[in-house]
Amino acid sequence: MGLFHFYDIGNTEIYVFDDFIIKQVKEGVFIDIQDVKQLVEIIDKHFKSKKFGFISNRVNSYTINPLTYSEANKIDNLIVFAVITNDAKMRETSEFENKFHNKPFSVFENLSDAILWINDALKQNNNQTTSTSLKEK
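What you are looking at is a predicted structure, and each value in this text was computed from that prediction instead of being measured.

What should I look at first to understand the overall build of the protein chain in this one?
A count of helices and strands for the protein chain gives four helices and eight strands. In the protein chain, the order of α-helices and β-strands from amino to carboxyl end is β-β-β-β-α-β-β-α-β-α-β-α. Residues classed as buried in the protein chain amount to 43% of the 137 residues present. For the protein chain, the share of sequence-separated contacts (at least 6 apart) that also reach a separation of at least 24 residues comes to 67%. If you sum the accessible surface of the protein chain, you get close to 8100 Å²; carbon and sulfur atoms cover 51% of it.

Can you walk me through the pairing of strand β7 (residues 78–84) in this structure?
When a strand is regular, its side chains alternate between the sheet's two faces. Where burial is concerned, most of β7 is hidden: seven out of the seven residues are buried. In terms of strand pairing, strand β5 (residues 52–57) meets β7 through six bridges, oriented parallel. Looking at the pairing, glycine 53 lines up with valine 80 of β7.

Explanation requested: the packing of aromatic side chains in the structure shown.
To describe a pair of aromatic rings, you give the distance between the ring centres and the angle between the ring planes. The final tally for this structure, using the stated rule, is eight aromatic pairs. Between the aromatic rings of phenylalanine 17 and phenylalanine 20, the centroid separation amounts to 4.9 Å while the plane-to-plane angle is 25°, which identifies the pairing as stacked. Accessibility classification places phenylalanine 17 together with phenylalanine 20 in one group, the buried group. Between the aromatic rings of phenylalanine 54 and phenylalanine 81, the centroid separation amounts to 5.0 Å while the plane-to-plane angle is 5°, which identifies the pairing as stacked.

Can you help me understand the side chain of serine 56 in this one?
By the secondary structure assignment, serine 56 is in strand β5. Of note is the side chain of serine 56, whose polar atom sits 3.2 Å from the side chain of arginine 58. Engagement of the side chain of serine 56 in a polar contact is seen with the side chain of tyrosine 62, the distance being 3.2 Å. Those residues in contact with serine 56, other than ones at most four positions away along the chain, are Lys23, Tyr62, Phe81, Ala82, Val83 and Ile84.

In this structure, what is going on with the nonpolar core? I would like to understand it.
Burial of nonpolar side chains together is a common tendency in soluble globular proteins. Ranked by internal contacts, the top residues of the largest apolar core, which has 16 residues, are Ile14, Val16, Ile21, Ile43 and Phe52. Contributions of two or more residues to this core are made by β2 (12–16), α1 (33–47), β5, β7 and β8 (105–108). Of the residues forming this core, the biggest block, four residues, is contributed by α1. Core analysis: the next-biggest nonpolar cluster, separate from the first, contains 14 residues, Ile22, Ile55, Ile79 and Ile115 among them.

Explain the environment of serine 94 to me, please; I cannot follow it from the model alone.
Structurally, serine 94 is set in helix α3 (residues 88–97). Serine 94 gets classed as buried once you look at its relative accessible area, which sits at 1%. C-alpha of serine 94 to C-alpha of phenylalanine 105: the two residues are eleven residues apart in sequence and 9.5 Å apart in space. For serine 94, the contacting residues outside a window of four places in its chain are Arg58, Val83, Phe105 and Val107.

What is the right way to look at α1 in this model?
Note that an α-helix has 3.6 residues per turn; residues three or four places apart therefore point the same way. Here α1 is 15 residues long and its end C-alpha atoms lie 20 Å apart, about the 21 Å a rise of 1.5 Å per residue gives. Three or more residues of α1 are buried, namely Asp35, Val36, Leu39, Ile42, Ile43 and Phe47. Take α1 and look down its axis: the buried residues cluster within an arc of 120°, on one side only. Relative to its buried face, α1 has exposed residues pointing more than 90 degrees away, namely Gln34, Glu41 and Lys45. Structurally, α1 contributes buried residues whose contacts are with β1 (5–8), β2, β3 (20–25), β4 (30–31), β5 and α2 (68–72).

Calculation criteria
- Residues numbered from 1 in each chain as written.
- Predicted model: local features only at pLDDT ≥ 70, side-chain atom pairs only at ≥ 80, totals over all residues.
- Heavy atoms only, no water.
- Helix = DSSP H or I, 4+ residues; strand = E, 2+ residues; numbered from the N terminus.
- Buried < 20%, exposed > 50% of the residue type's maximum accessible area, 1.4 Å probe, protein only.
- Contact = heavy atoms within 4.5 Å.
- Areas by Shrake-Rupley, 256 points an atom, 1.4 Å probe, with all protein chains shown as cover.
- Pairing = 2+ DSSP bridges.
- Phe/Tyr/Trp six-rings, centres within 6.5 Å; stacked < 30°, edge-to-face > 60°.
- Polar contact = N/O pair within 3.5 Å; in protein donor to acceptor, adjacent residues only side chain to side chain.
- Core = buried A, V, L, I, M, F, W, Y, C linked by side-chain atoms within 4.5 Å.
- Expected span 1.5 Å × (residues − 1).
- Arc of directions from axis to C-beta.

Dropping the structure here:
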């Protein structure tokens with residue numbers, strides 16, 4: 001991991017790295033479509049034409065409007081979605097929320113495992129893209 005960028009957008013902290021983004025929502029917040037639009041602006045700034053992974057670090061309890069996932073599904077260069085939590089209820093909630101989006105998804109207990117999974121997924125995606133491009137030539 002190289003340098004990163006940090007954003008505090010009021011109810012959420014966002015950390016942007018070379019190949020992934022970490023989002024950490026503050027306690028008791030309700031996430032709605034407007035919050036996703038702010039996130040998309042940051043994603044466009046850093047990953048305009050680059051594939052990336054998304055990590056939700058669920059250290060706090062918060063609520064998400066399920067309609068926000070339809071907005072997230074529009075982010076074509078978002079390849080995988082990971083959640084970090086040690087809480088059984090948050091894990092269950094995350095797995096339920098997974099039904100609302102179309103990205104590969106996994107839950108982890110720590111950041112290191114989530115990053116490794118994202119890096120592997122990005123490599124596999126790049127290899128598939130390269131293989132497809134070679135076949136088309």
